[in-house]
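One-letter residues, chain by chain:
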Amino acid sequence: MDMNEIKDKRIAVLLSGGVDSSVVVSELARQGLQPDCFYIKIGPEEEEEWDCSSEEDLEMATAVARRFGCKLEVVDCHREYWDQVTRYTMEKVRAGLTPNPDVMCNRIIKFGAFDEKRGHDYDLIATGHYAQTEWIDGKKWLTTCPDPVKDQTDFLAQIYPWQLQKAIFPIGHMRKEEVREIAECEHLVNARRKDSQGICFLGKINYNEYLRRYLGEEPGDVVEWESGKVLGQHRGLWFHTIGQRKGLGLGGGPWNVVKKDMEHNILYVTHGYEPLKVWKTDFAIHGLHWLTEPLDLPEDGAPVDITFKIRHTPEWHHATIHRHVEPGSSDDVCLIHSEALIQGVAPGQFCVIYDKDFHRCYGSAEITLIKEES
């Protein structure tokens, strides 16, 4: 944490009740600072029906804020979440795409709606993300953290540049075990609390139940890709994603999802544990979103070395990126060529783009289909 960046600044901490954001408060207090803390309320739309852990989260956040003598305020971003993040998720899923609502939550809620409601009164917004920021040649960059398992730069790659300017990540230089040790040493009430899993607002609700609630069911055929044989029925294409190999309910497996035909409501699968049908080295992206400055992509389509991720895993991949310059192509479309085969590349996912050393995060774009793949 760069003390020059936070010196004499008004700091707001987004305190969720988890151990990571709690140690953020601890680390700022250790530097002699007393930030104001905020708990963002985004829980289930109808709390009386949905079992959620938000009450326990708020209790934990209250205890931590009191422990360090900080003010805690609850900021209700419930309506913004359900109006914007849920709409984004449902529109993408209904179109057969694979959305990431947690990515959009950071842009729309944590660094968006919160800033409009309360964050605008503060110079910096601190969160418990495992990510770092660095000033390089006078510009602030989002950079990776030392713990590849916990690195969360992929969740932040859709925030706006002005949001990055206000963001600080006081535990971003640490590994998870270090954070736990600090929490233990400080006797924080949530030191041994398990990390949250799944989508941030669902609590204990299953994601498929969430989809069923808003999209219902639309049964259709499950068809073997190679033979065209009907193997069974699905309950709705939105319950499945490209590369999926569990929860298909088919005998004689394993089976892998390779395509969703939205027009005819058909789910195509192929047999085998890791068939090459669900692996790619080349795919297209569109909607390029840059954080600090755009990657310099030659107009003639010459390739540029990068690294990338398409999901939240410790693995990242070497690749090249180049503009899609064929006749009739969009200026916004680029092609990724990975050095290694990548499993489960699905339209709608975010491809997060880093420099060739997997250090600076340039931004992200959405995986798309181009004519040759249609």
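The paragraphs below set out a description of the structure included in this document. (Residues numbered from 1 in each chain as written. Predicted model: local features only at pLDDT ≥ 70, side-chain atom pairs only at ≥ 80, totals over all residues. Heavy atoms only, no water.)

With that out of the way, let us pick up the environment of Tyr 130. For Tyr 130, the location among the structural elements is in the loop between β4 (124–126) and β5 (132–136). By relative accessible area, Tyr 130 is classed as buried at 0%. Distance from Tyr 130 to Val 149, taken between C-alpha atoms, is 9.6 Å for residues 19 residues apart in sequence. Excluding anything up to four places from it in sequence, Tyr 130 contacts Asp 20, Cys 145, Lys 150, Asp 151, Gln 152, Thr 153, Ile 171, Gly 172, Met 174, Arg 175, Lys 176 and Val 179. At a separation of 2.7 Å, a polar atom in the side chain of Tyr 130 contacts the side chain of Asp 20. (Helix = DSSP H or I, 4+ residues; strand = E, 2+ residues; numbered from the N terminus. Buried < 20%, exposed > 50% of the residue type's maximum accessible area, 1.4 Å probe, protein only. Contact = heavy atoms within 4.5 Å. Polar contact = N/O pair within 3.5 Å; in protein donor to acceptor, adjacent residues only side chain to side chain.)

So, on to the packing of helix α2 (residues 19–30) against helix α8 (residues 176–185). The contact between α2 and α8 brings their axes to 10 Å, and the two run at 65°. The handedness of the crossing between α2 and α8 is left-handed. Residues Val 19, Asp 20, Val 23, Ser 26 and Glu 27 of α2 form the contact with α8, whose participating residues are Lys 176, Val 179, Arg 180, Ile 182 and Ala 183. Of the residues belonging to the contact of α2 with α8, the class tally is five nonpolar, one polar and four charged. (Axes fitted to C-alpha atoms, helices over the stretch in contact; angles between N-to-C directions. Left-handed = near helix turned anticlockwise from the far one by under 90°. Nonpolar A, V, L, I, M, F, W, Y, C, P; charged D, E, K, R; others polar.)

If you walk across this open sheet you meet the five strands as β3-β2-β1-β4-β7, and the pairing is parallel. Of all the strands in the sheet, the pair left with one neighbour each is β3 (72–76) and β7 (167–168). Relative to β4, strand β1 (residues 11–14) runs parallel, the two being bridged by three bridges. Bridged to Ala 12 within β4 is Ile 125. The strands that α2 touches are β1, β2 (36–41) and β4; relative to β1, the one it contacts most, it runs at about 155°. (Pairing = 2+ DSSP bridges.)

Right, let's talk about unusual backbone geometry for a bit. The backbone of His 187 shows a phi angle near 55°, a positive value even though the residue is not glycine. With respect to the helices, strands and loops of the structure, His 187 is situated in the loop between α8 and α9 (207–215). For Asn 265, which is not glycine, the phi torsion reads 60° and is therefore positive. Relative to the helices and strands, Asn 265 resides in the loop between β10 (255–261) and β11 (266–271).

In this section: the sheet that holds β11. Strand order in the open sheet formed by four strands is β9-β8-β11-β10, and the pairing between neighbours is mixed. At either margin of the open sheet sits one strand with a lone partner, and together these are β9 (230–234) and β10. The sheet shows a mean angle of 30° between the axes of neighbouring strands, taken without regard to direction. Note: β10 against β11, six bridges, orientation antiparallel. Paired with Asp 261 across the bridge in β11 is Ile 266.

The next subject is the side chain of Thr 320. Here Thr 320 lies in strand β14 (residues 317–323). Given a relative accessible area of 18%, Thr 320 falls into the buried group. Sequence-distant contacts of Thr 320, that is, excluding residues within four places in its chain, are made with Pro 303, Val 304, Asp 305, Ile 306, Leu 335, Ile 336 and His 337.

With that out of the way, let us pick up the pairing of β2. Where β1 meets β2, three bridges bridge the pair, whose relative direction is parallel. Residue pairing across strands places Val 13 opposite Cys 37, the latter belonging to β2. With respect to chirality, the unit in which β1 leads through α2 into the neighbouring parallel β2 is right-handed. Across five bridges, the pairing between β2 and β3 is parallel. (Right-handed = clockwise from strand over helix to strand, strands pointing away.)

A separate point is the pattern of salt bridges. All chains considered together, the criterion is met by 20 salt bridges. Among the ionic pairs, Glu 56 bridges to Arg 193, the shortest N-O distance being 3.4 Å. Pair noted here: Glu 56 is in helix α3 (residues 54–67) and Arg 193 is in the loop between α8 and α9, with a separation of 137 residues, a long-range link. Given a relative accessible area of 37%, Glu 56 falls into the partly exposed group. In this structure, the salt-bridge partner of Lys 139 is Glu 293, at a minimum N-O distance of 2.6 Å. (Salt bridge = Lys/Arg side-chain N within 4 Å of Asp/Glu carboxyl O.)

This next bit is on the nonpolar core. Ile 109, Phe 114 and Leu 142 are the most contacted members of the largest nonpolar core, which totals 43 residues. For this core, the secondary-structure elements that each account for two or more residues are β1, β2, α4 (78–94), α5 (101–117), α6 (153–156), α9 and β16 (350–354). With eight residues, the single largest contributor to this core is α5. (Core = buried A, V, L, I, M, F, W, Y, C linked by side-chain atoms within 4.5 Å.)

Remark: α4 packs on α5, axes separated minimally by 10 Å, with the N-to-C direction vectors making an angle of 155°. Comparing their axes, α5 and α4 come out roughly antiparallel. The handedness of the crossing between α4 and α5 comes out as right-handed. The residues of α5 that touch α4, namely those facing Glu 80, Tyr 81, Gln 84, Val 85, Tyr 88 and Thr 89, are Pro 101, Met 104, Cys 105, Ile 108, Ile 109, Ala 113 and Lys 117. Counted by class, the contact of α4 with α5 contains nine nonpolar, two polar and two charged residues. (Parallel < 35°, antiparallel > 145°, perpendicular 65-115°, else oblique.)

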